[in-house]
Amino acid sequence: MNSTQIILRNNDLKSTPARLAILSFLSEQSAPRDVEDIIVHIANEHETVDRVTVYRILETFVKKGLIKRLEFGEGKYRYELAGDDHHHLICESCGKVEDISDCHISDLEKEISQRKKFLVKRHQLEFFGVCRSCQR
């Protein structure tokens with residue numbers, strides 16, 4: 001049994017080929033991916049799965065806390081594996097999304113907790129601009 005199958009089993013989910021393919025694909029990505037990327041990957045690498053099934057699987061994974069659903073004002077959602085909080089750089093020209101994790105937001109989070117007596121459970125931070133390639 002591989003780690004993806006264990007994750008599904010630990011969350012009371014059957015290990016279907018489509019579920020395994022989606023989790024495996026997202027685990028290999030360095031940035032959040034949209035539904036179209038996921039569907040194309042499954043069709044190219046695994047099997048044909050109808051669009052509704054993919055949406056249902058993604059919704060189940062979000063509810064179980066296995067993945068995060070992100071919205072960057074593009075009119076679509078992107079998905080990534082749940083895990084440590086990290087942040088994103090979003091190019092408004094080409095749509096490229098890049099993860100950044102070397103941000104010092106955790107210090108700000110601690111300060112907010114202490115000064116405001118507010119228990120921060122999670123946060124989300126995105127930077128919108130123009131990537132290096134599009135600046136040329």
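Residues numbered from 1 in each chain as written. Predicted model: local features only at pLDDT ≥ 70, side-chain atom pairs only at ≥ 80, totals over all residues. Heavy atoms only, no water.

## Here's the deal with a nonpolar patch on the surface
Working step 1: Among the surface-exposed residues, Leu108, Ile112 and Phe118 lie close enough to one another that they form a single nonpolar patch of about 270 Å² accessible area.
Working step 2: Here Phe118 lies in the loop between helix H5 (105–116) and strand E6 (126–129).
Working step 3: The exposure class assigned to Phe118 is exposed, which follows from its relative accessible area of 51%. (Patch = residues over 30% accessible without salt bridge, like charges linked within 9 Å, V, L, I, M, F, W, Y side chains within 5 Å. Areas by Shrake-Rupley, 256 points an atom, 1.4 Å probe, with all protein chains shown as cover. Salt bridge = Lys/Arg side-chain N within 4 Å of Asp/Glu carboxyl O. Helix = DSSP H or I, 4+ residues; strand = E, 2+ residues; numbered from the N terminus. Buried < 20%, exposed > 50% of the residue type's maximum accessible area, 1.4 Å probe, protein only.)

## Re the pattern of salt bridges
Working step 1: Taken as a whole and assessed by the stated rule, the structure comprises six salt bridges.
Working step 2: Note that Lys76 is salt-bridged to Asp34, the shortest N-O span being 2.6 Å. One end of the pair, Lys76, is in the loop between strand E2 (67–71) and strand E3 (77–81); the other, Asp34, is in strand E1 (residues 33–34), and 42 residues separate them in sequence.
Working step 3: You can call Lys76 partly exposed: its relative accessible area is 33%.
Working step 4: Arg115 is the salt-bridge partner of Glu111, the closest N and O atoms lying 2.7 Å from each other. Separated by four residues within a single helix, Glu111 and Arg115 lie in helix H5, roughly one turn from each other.
Working step 5: Residue class for Glu111 comes out partly exposed when judged on its relative accessible area of 37%.

## Looking at the sheet that holds E1
Working step 1: Spatially, three strands are ordered E1-E3-E2 in an open sheet, and the strand pairing comes out antiparallel. Only two strands of the sheet have a single neighbouring strand rather than two, namely E1 and E2.
Working step 2: The pairing of E2 with E3 spans five bridges and is classified as antiparallel. Bridge pairing in E3 links Lys68 to Glu80.
Working step 3: Across the sheet, helix H2 (residues 17–27) is in contact with E1, E2 and E3; its angle to E3 comes to roughly 85°. (Pairing = 2+ DSSP bridges. Contact = heavy atoms within 4.5 Å. Axes fitted to C-alpha atoms, helices over the stretch in contact; angles between N-to-C directions.)

## A few points about the packing of H2 against helix H4 (residues 51–64)
Working step 1: Two elements in contact, H2 and H4, have axes separated by 10 Å at closest approach and are oriented at 65°. Where H2 crosses over H4, the handedness of that crossing is right-handed. Every residue of H4 that contacts H2 at Ala18, Arg19, Ile22 and Leu23 is listed here: Val54, Ile57, Leu58 and Phe61.
Working step 2: Class assignment for the residues of the contact of H2 with H4 results in seven nonpolar, no polar and one charged. (Left-handed = near helix turned anticlockwise from the far one by under 90°. Nonpolar A, V, L, I, M, F, W, Y, C, P; charged D, E, K, R; others polar.)

## Things to note about the nonpolar core
Working step 1: Core analysis: the largest hydrophobic core is formed by 20 residues, its most contacted members being Ile22, Ile38, Val54, Leu58, Phe61 and Ile67.
Working step 2: At the level of elements, H2, helix H3 (35–45) and H4 are the ones that each hand at least two residues to this core.
Working step 3: By residue number, the principal contributor to this core is H2, which donates six residues.
Working step 4: With residues up to four places along the chain from it excluded, the contact list for Ile22 reads Ile38, Ile42, Val54, Ile57, Leu58 and Phe61. (Core = buried A, V, L, I, M, F, W, Y, C linked by side-chain atoms within 4.5 Å.)

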